[in-house]
Amino acid sequence: FAEKCAKCHTIARAINCEFALDDEWERYIKRMMNKAGPSIISAADGKQIFEFLTYDAKTRRKALYDKKMKEGAK
């Protein structure tokens, strides 16, 4: 995550943004993969980055994740 994402923007940008849900991260990572190209973020890299960011959202940013899950259930 840090190695790949820091090539284009700060790490803080990704880990402090308002994305928390899996579908939000999936869209964001796909967009970054398209912008950077496969030589920067391969499909395997994208999968690992997705797994890290969704894990981080569900643990470190649990309050935001839970809030968004609750809002989505309405």
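Here, every reference points to the structure presented above.
Conventions and cut-offs
- Residues numbered from 1 in each chain as written.
- Predicted model: local features only at pLDDT ≥ 70, side-chain atom pairs only at ≥ 80, totals over all residues.
- Heavy atoms only, no water.
- Helix = DSSP H or I, 4+ residues; strand = E, 2+ residues; numbered from the N terminus.
- Rg over C-alpha atoms; globule rule 2.2 N^0.38 Å.
- Buried < 20%, exposed > 50% of the residue type's maximum accessible area, 1.4 Å probe, protein only.
- Contact = heavy atoms within 4.5 Å.
- Areas by Shrake-Rupley, 256 points an atom, 1.4 Å probe, with all protein chains shown as cover.
- Salt bridge = Lys/Arg side-chain N within 4 Å of Asp/Glu carboxyl O.
- Core = buried A, V, L, I, M, F, W, Y, C linked by side-chain atoms within 4.5 Å.

## Description of the overall build of the protein chain
- Along the backbone of the protein chain there are five helices and zero strands.
- Along the protein chain, from the amino end to the carboxyl end, the secondary structure elements read α-α-α-α-α.
- Its C-alpha atoms give the protein chain a radius of gyration of 12 Å, within 12% of the compact-globule value 11 Å for 74 residues.
- Projected onto its principal axes, the C-alpha positions of the protein chain cover 40 × 20 × 15 Å.
- Across the 74 residues that make up the protein chain, the buried fraction comes to 35%.
- Within the protein chain, counting contacts between residues at least 6 apart in sequence, those at least 24 apart form 63% of the total.
- Here the protein chain displays about 4,900 Å² of accessible surface, and carbon together with sulfur accounts for 57% of that area.

## Things to note about the pattern of salt bridges
- Under the defined criterion, the tally for this structure stands at eight salt bridges.
- Across the pair Lys 58 and Asp 22 runs a salt bridge whose closest N-O atoms are separated by 3.3 Å. Note that Lys 58 is positioned in helix H4 (residues 43-59) and Asp 22 in helix H3 (residues 22-36), a separation of 36 residues in sequence.
- Given a relative accessible area of 30%, Asp 22 falls into the partly exposed group.
- Of the charged contacts in the structure, one is a salt bridge between Asp 66 and Lys 62, with a shortest N-O distance of 2.8 Å. Remark: Lys 62 and Asp 66 occur in helix H5 (residues 62-72); sequence separation between them is four residues, near one turn of the helix.
- Exposure remark for Asp 66: the relative accessible area of 36% places this residue in the partly exposed category.
- On the accessibility criterion, Lys 62 (43% relative accessible area) is partly exposed.

## Points about the nonpolar core
- Counting 15 residues, the largest nonpolar core has Ala 20, Trp 25, Ile 29, Ile 41, Ile 49 and Leu 53 as its most contacted members.
- At the level of secondary structure, the elements contributing two or more residues to this core comprise H3, H4 and H5.
- Other than its neighbours up to four places away in sequence, Ala 20 contacts Trp 25, Ala 57, Leu 64, Tyr 65 and Lys 68.

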